[in-house]
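Structural features, examined
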Amino acid sequence: MSSLSTVAFDIETTGFTVGDRLTVVGFDAEIGSHVFLNTDGKAPSEGLEEKINNPVTTPVVLSIHDSEDALLHAVTEFIESTLADRDIKLVAYNGETWNGGFDLPFLRTRLNHHDLGWPFEDIPYIEAMDVFQSRFNTTENSLVAVYEELIGGDVGDVDPFKDSASAVDAWERGEFEAVVLHNVADIRRTRALMDLAERYCSKSDFSMKSLDPVANDQR
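Just so it is clear, the model here is predicted, and its values are computed rather than measured. (Residues numbered from 1 in each chain as written. Predicted model: local features only at pLDDT ≥ 70, side-chain atom pairs only at ≥ 80, totals over all residues. Heavy atoms only, no water.)

Attention shifts here to the environment of Asp87. Relative to the helices and strands, Asp87 is located in the loop between helix H2 (68-83) and strand E5 (88-92). For Asp87, the contacting residues outside a window of four places in its chain are Ser3, Leu4 and Ser5. (Helix = DSSP H or I, 4+ residues; strand = E, 2+ residues; numbered from the N terminus. Contact = heavy atoms within 4.5 Å.)

Here is the structure:
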């Protein structure tokens, strides 16, 4: 398992219901992050990518789109061209647990809404939250709390928000720099926690699952 490089994954949304939308989708690897932003037709500030890169240590590539549909097409192309057929594993925190999770179920719902196929074929997935709930002695289970208790590094310093609800309000106001930095902080927290877990846990402590759909998408 350790031979597979970690790509951390996280999304931001307008809410939790079936009618809510994706605002940001982010991926983080050792060399840097790739973040997709839905501006909903609003004009981003000039030099947004440069502003986002100012406070971070490894580069962030920002892909800007004016709708959720355009964002999902770009994310699908990125996965197929950059992640597929590579020795990587996708990792999220509360992305998809045995009884729920958020990121992957939400993504499935929005892909279906836009009649798009599932992009994560042949990419193994690990749910990071499961490992920390069962193999570490933490007082809380949230991504931010577990990261602060076990690592407490500077990754979270770029996060302008205490919770994702604040990111929703900021996105609606067009404060895209803050929303993207919040996502960057979360994907980098996730990857840092996965690196920590691999230092102290055995392979049997991780549950790796296939994300292949039962039916191949022919659309």
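There's plenty left to go through after this.
Once that is clear, we can look at the nonpolar core. As a rule of thumb, soluble globular proteins bury nonpolar side chains together. Judged by nonpolar contacts, the single largest core of 27 residues is most densely connected at Phe9, Val25, Phe27, Leu90 and Phe120. When contributions to this core are tallied by element, the ones reaching two or more residues are strand E1 (5-13), strand E2 (22-29), H2, E5 and helix H3 (103-113). Ranked by residue count, the leading element in this core is H2, at seven residues. In this structure, Val25 is in contact with Phe9, Asp10, Ile11, His34, Val35, Phe36, Leu71, Val75 and Asn183, ignoring residues within four places of it in sequence. Within the second largest apolar cluster, 22 residues are counted, among which are Ala8, Leu48, Val60 and Ala178. (Core = buried A, V, L, I, M, F, W, Y, C linked by side-chain atoms within 4.5 Å. Buried < 20%, exposed > 50% of the residue type's maximum accessible area, 1.4 Å probe, protein only.)

Moving on to the side chain of Asp20. Here Asp20 shows up in the loop between E1 and E2. Buried charge Asp20 goes without a salt bridge, the closest partner of opposite sign being Arg21 at 6.5 Å. Among the polar contacts listed, one links the side chain of Asp20 to the side chain of Thr14, at a separation of 2.8 Å. One polar contact links the side chain of Asp20 to the main-chain amide nitrogen of Phe16, over a distance of 3.1 Å. (Lys, Arg positive; Asp, Glu negative; His and termini not counted. Salt bridge = Lys/Arg side-chain N within 4 Å of Asp/Glu carboxyl O. Polar contact = N/O pair within 3.5 Å; in protein donor to acceptor, adjacent residues only side chain to side chain.)

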